[in-house]
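Descriptive structure summary
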Amino acid sequence: MSHAGTLGVWQGAGLLATTLLGTSVFILPEMTIEIAGVNAIWSWTFLTLFILPIALVFAKLSGQFPHAGGPANFCELAFGKVVGRSIGLIFLLVVPLGAPAALIMTFQFVDTLLELSDISGLMVQYLFLLIIYLLNIRGVSLSATIQLGLTLTISALVGILCLAYFLSADTVNNITPALITDTKPISTMFSAAALAFWSFLGIEAMAHMSSEFKDPKKI
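All of these numbers come straight from a predicted model, not from anything done at the bench.

Analysis parameters
Residues numbered from 1 in each chain as written. Predicted model: local features only at pLDDT ≥ 70, side-chain atom pairs only at ≥ 80, totals over all residues. Heavy atoms only, no water. Helix = DSSP H or I, 4+ residues; strand = E, 2+ residues; numbered from the N terminus. Buried < 20%, exposed > 50% of the residue type's maximum accessible area, 1.4 Å probe, protein only. Contact = heavy atoms within 4.5 Å. Areas by Shrake-Rupley, 256 points an atom, 1.4 Å probe, with all protein chains shown as cover. Core = buried A, V, L, I, M, F, W, Y, C linked by side-chain atoms within 4.5 Å. Axes fitted to C-alpha atoms, helices over the stretch in contact; angles between N-to-C directions. Parallel < 35°, antiparallel > 145°, perpendicular 65-115°, else oblique. Left-handed = near helix turned anticlockwise from the far one by under 90°. Nonpolar A, V, L, I, M, F, W, Y, C, P; charged D, E, K, R; others polar. Expected span 1.5 Å × (residues − 1). Bend = angle between axes of the 7 residues up to and from the residue.

Helix and strand content of the chain: eleven helices and zero strands. From first element to last, N terminus to C terminus, the chain shows the α and β order α-α-α-α-α-α-α-α-α-α-α. For the chain, with 219 residues in total, the buried portion stands at 26%. Within the chain, contacts between residues separated by at least 24 positions form 75% of all contacts whose residues are at least 6 apart in sequence. Only carbon and sulfur atoms are counted for the fraction: they give 74% of the accessible area of the chain, which is about 14,500 Å².

See the structure below:
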């Protein structure tokens, strides 16, 4: 039995943006520069262009076949139950590995600010789990609204940092020569792109959430 969704387009944008902004803004750019040097900018450029068709395909499928199974449901419709259930199992097995990693990543930001002891750090991590549980109890609509607020906050913060950097009187002198003169092999660009691809893996998350939208065709 189907139920009426509660999410709007802006809430969906907030859910997707926070999924993508986490690692792509704060972690992966530096890692891609370490791998490819100045070629990293091309890694991100090409990857952004290549990911657009994937995003459009997921959006079209989610609008036509809204289901909590997401990609697993699409595979089942196309290739049968065995393939669909196999894909669903893969997504399920990611949770025990991905959730702790995401929790630890979040905690590192808090630990950097507060320098917590081991016991205090453990309590904070339990607090994060409790907050996540409470948000899930209240429903996805509240979570989506909060994440939209976080998206706007993160975007504003990054914008302010960029503006402050370019308005600095020492901007020209602060450009890192190593980044400009680094002539690593062109093959490193593809290695960096493979790593950067992980920043876009939140796209399939919207397929899982498609049945929660008021109008899935507007995803």
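The next point concerns the nonpolar core. Within the largest apolar cluster, seven residues are counted, these being L28, W44, L47, I51, A196, F200 and I203. Residue contributions to this core peak at three residues, all from helix α3 (residues 40-64). With five residues, the next largest nonpolar core counts L7, L15, M206 and F213 among its residues.

A word on the packing of α3 against helix α10 (residues 187-196). Between α3 and α10, the least distance of the axes is 8 Å, while the angle of their chain directions is 55°. Overall, the two elements α3 and α10 adopt an arrangement that is oblique. Relative to α10, the crossing made by α3 is right-handed. When α3 is examined against α10, the residues W42, S43, W44, F46 and L47 are found in contact with a partner set consisting of M189, A192, A193 and A196. In terms of residue class, the contact of α3 with α10 is built from eight nonpolar, one polar and no charged.

Right, let's talk about the environment of A72 for a bit. In this fold, A72 is placed in helix α4 (residues 71-79). A relative accessible area of 12% means that A72 is categorised as buried. Contact partners of A72, with chain neighbours within four places excluded, come to G84, I87 and G88.

With that settled, the discussion passes to the side chain of T188. Mapped onto the elements, T188 comes out in helix α10. Non-local contacts of T188, meaning those with residues more than four positions away in its chain, are made with I35, A36 and N39.

Before going further, it helps to spend a moment on the packing of helix α2 (residues 28-36) against α3. Where α2 contacts α3, the axes come no closer than 8 Å and their chain directions differ by 120°. Relative to α3, the element α2 lies oblique. Residues L28, P29, T32, I33 and A36 of α2 lie in contact with α3, whose contacting residues are A40, S43 and W44. For the contact of α2 with α3, the residue count by class is six nonpolar, two polar and no charged.

Attention now goes to α3. Look at α3: 36 Å from first C-alpha to last across 25 residues, which is about the 36 Å you get at 1.5 Å a residue. The sharpest bend along α3 reaches about 25° and sits at I51, with the proline P53 one to four residues further on. Taken together, the buried positions of α3 are A40, S43, W44, L47, I51, S62 and G63.

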